[in-house]
Amino acid sequence: MKAYDLNHALYDLHDADRRAAFQSDEAAYLAGYDLGSGERQAIRERDWKRLHELGASIYVLTKLGATVGVNLFQMGAHMRGQSFDDYQRFARDQEERAAAYALLPPPGLGGGA
Amino acid sequence: MADIVGGLGVSHAPSIGAAYDRQETATEAWSPLFESIRAGGEFLKSLRPDALVVFYNDHMDQNWLDNWPTFQVGVADRFRIADEGWGPRAFEPVPCHLGLAEHIAASLVAQEFDIAVSREMEVDHGIVSPLPVLGEQWLPIVPIGINVVWDPLPTPRRCWKLGAAVGRAIAAYEQPLRVACIGTGGLSHEIDGPDFGTIHYEWDRRFLELIDSEPERLLDYSMDDLRRLGGHHSVEIVQWIAMRAALPGAVAEFKYYYPKQVMGYGVIAFRSPSGPAAGA
């Protein structure tokens, strides 16, 4: 299957010991998986856009992100081909447009903090 | 005999768990969401359920591709909290209602649903992000997983049929049990690729209308249709469709919607005809 091993290598980072292994020697960790050179390069370069195009699920990419300290929004900006500032501007503008569609409980309902 | 007293649709997301754990639920950004979910929790409390049947999906935290289930019922004493990469969140394992879980699993197979039965499983943010916001005390659950993560996906119509079969199973359970059904996930979001972060708020509002008053109209959509309408990962709304199918005759008491960051967060509350009346 396309990208099975790529997904497997990143899925295994759900395990704390495997995350530690990745963090201490990334190349050695990846040597344990049958990856193509393009897949290895994309992981090495934190090329989220390329990893997505290669078939890595976002649900394993977030495990890689957790391992290397990159959050979903940083990943997403990269996949959009935007700087993080430009992405945040997009998200803010969208929230402003969407706000008119909100349906919220009356104040006081649901308890507050 | 068991009664289905009502149901709830509620979004799930790591962001809900993160804001909860960082104690940011009262911030300007997040309080509209948390008040909406807490309203769902108050509603749930008014139903006085003994157990929760939860339609949700795993996000490659419990299941791996060597054996990826289309439909999965958890039948165990309890479910540990999964490590999604940041370490497991600090909650006790979620207890299972073992008797009801055994019964639902057996009933679904008898009704010709070839489910996977997991005698050991972990639960991820699909269950654990909304659950502590809905109520601090864990109620025993029966987790029912519907694959929306890895193709091939079941059709929305099949998910509706599963939910209806679960509803029949609960109604046939020979214990005086009050059961609420929850569907978690959605609404619109697309969290990878060039359209990352797009919220389809017009469709979300339309969906909230349809799931309330004309849910069967949703069954003519394919999963690809839903992906086009609400973004790739919005197909999680079939968890709401399954929940809705388990509640024939139910009426929505309220629905809330909060579009924020990368998704439309939704809450909808259904009271069953057999459930306690509002304010009872």
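Predicted model, so just to flag it, every value in this text is computed and none were measured.

Another aspect to go through is the overall build of chain A. Scanning chain A for helices and strands turns up eight helices and zero strands. For chain A, the α and β elements follow one another from N to C terminus as α-α-α-α-α-α-α-α. A compact globule built from 113 residues should have a C-alpha radius of gyration of about 13 Å, whereas chain A, at 18 Å, is more than 25% larger. The C-alpha extent of chain A, read off along each of the three principal axes, is 55 × 30 × 25 Å. Expressed as a percentage of the 113 residues in chain A, the buried residues total 35%. In chain A, the share of contacts with a sequence separation of at least 24, taken over all contacts with a separation of at least 6, comes to 57%.

Turning next to the overall build of chain B. Of the regular secondary structure elements, chain B holds nine helices and 11 strands. Over its C-alpha trace chain B gives a radius of gyration of 17 Å, about what one expects of a compact globule, namely 19 Å for 280 residues. The dimensions of chain B, computed from C-alpha atoms along their principal axes, are 50 × 45 × 40 Å. By residue count, 59% of the 280 residues in chain B fall in the buried class. Contacts in chain B between residues far apart in sequence, at least 24 positions, make up 83% of those at least 6 positions apart.

Overall, mixed pairing links the three strands, which are arranged β5-β4-β7 (chain B) in an open sheet. Edge positions in the sheet fall to β5 (94-95) and β7 (122-123) of chain B, since each has one partner strand and no second.

Turning to the confidence of the model for chain B, a few remarks are in order. Summing up the model confidence of chain B, the mean pLDDT is 96 and the portion of residues at 70 or higher is 98%. Confidence metrics for the complex model read pTM 0.96 and ipTM 0.94.

Residues and elements named next belong to chain B. Here strand β4 (residues 78-81) pairs with β5 via two bridges, running antiparallel. Note that in β5 the partner of R78 across the bridge is P95. By the bridge criterion, two bridges tie β4 to β7 in an arrangement that is parallel. What sits directly across from R80, in β7, is E122.

Our focus in this paragraph is the interface of chain A and chain B. Residue-level contacts link 35 residues of chain A with 36 residues of chain B. Sorting the residues of the side of chain A that touches chain B by element identifies α1 (4-11), α6 (58-68), α7 (72-80) and α8 (84-98) of chain A as the ones contributing at least two each. Looking at the side of chain A that touches chain B, the element that brings in the most residues is α6 of chain A, giving seven residues.

A few words now on the nonpolar core. One finds V179 and A242 of chain B to be the most contacted residues of the largest nonpolar core, which totals 117 residues. Excluding anything up to four places from it in sequence, V179 of chain B contacts A2, D3, I4, V5, P49, D50, A51, V53 and I170 of chain B.

Here the focus is unusual backbone geometry. Residues and elements named next belong to chain B. For the peptide bond that leads from D151 to P152, omega is 0°, which places it in the cis range. Structurally, P152 can be placed in the loop between β8 (141-146) and α6 (156-171). The linkage connecting G186 with the following residue, L187, adopts the cis geometry, with an omega of 0°. Note that L187 resides in the loop between β9 (178-184) and α7 (201-213). Despite not being glycine, R48 has its phi angle at roughly 50°, a positive value. Using a count of 13 C-beta atoms within 10 Å as the deciding quantity, one classes R48 as partly exposed. In this model, M60 sits at a positive phi of 60°, which is unusual for a non-glycine residue. Checked against the element boundaries, M60 lands in the loop between β2 (51-56) and β3 (71-74).

We now examine α1 of chain A. The periodicity of an α-helix, 3.6 residues per turn, causes residues three or four positions apart to be oriented the same way. Along α1 of chain A, the positions that sit buried rather than exposed are L6, N7, A9, L10 and Y11 of chain A. The inward-facing, buried residues of α1 of chain A contact α3 (26-31), α4 (37-44) and α6 of chain A.

Moving on to the sheet that holds strand β10 (residues 251-260) of chain B. All names here are of chain B. Strand order in the open sheet formed by eight strands is β6-β3-β8-β2-β9-β1-β11-β10, with mixed pairing between adjacent strands. At either end of the open sheet lies a strand with only one pairing partner, and these are β6 (116-118) and β10. Here the average twist between neighbouring strands, direction ignored, is 20°. Lying over the sheet, helix α3 (residues 98-110) contacts β2, β3, β6 and β8, oriented at roughly 150° with respect to β3.

Here we take up the environment of F196 of chain B. For F196 of chain B, the location among the structural elements is in the loop between β9 and α7. What F196 of chain B contacts, discounting residues up to four positions off in sequence, is G76, M79 and R80 of chain A together with E190 and I191 of chain B.

On to the pairing of β3 of chain B, then. All names here are of chain B. Side chains F71 and V73 project from β3 onto one buried face, and the interleaved Q72 and G74 project onto a second face that is buried too. Pairing geometry for β3 and β8, over three bridges, is antiparallel. Each residue of the ladder has a partner; that of V73, found in β8, is I144.

Calculation rules
- Residues numbered from 1 in each chain as written.
- Chains lettered and ligands numbered in written order.
- Predicted model: local features only at pLDDT ≥ 70, side-chain atom pairs only at ≥ 80, totals over all residues.
- Helix = DSSP H or I, 4+ residues; strand = E, 2+ residues; numbered from the N terminus.
- Rg over C-alpha atoms; globule rule 2.2 N^0.38 Å.
- Buried ≥ 20, exposed ≤ 12 C-beta atoms within 10 Å, placed from the backbone.
- Contact = placed C-beta atoms within 7 Å.
- Pairing = 2+ DSSP bridges.
- pLDDT = per-residue confidence, 0-100.
- Core = buried A, V, L, I, M, F, W, Y, C linked by C-beta atoms within 7 Å.
- Axes fitted to C-alpha atoms, helices over the stretch in contact; angles between N-to-C directions.

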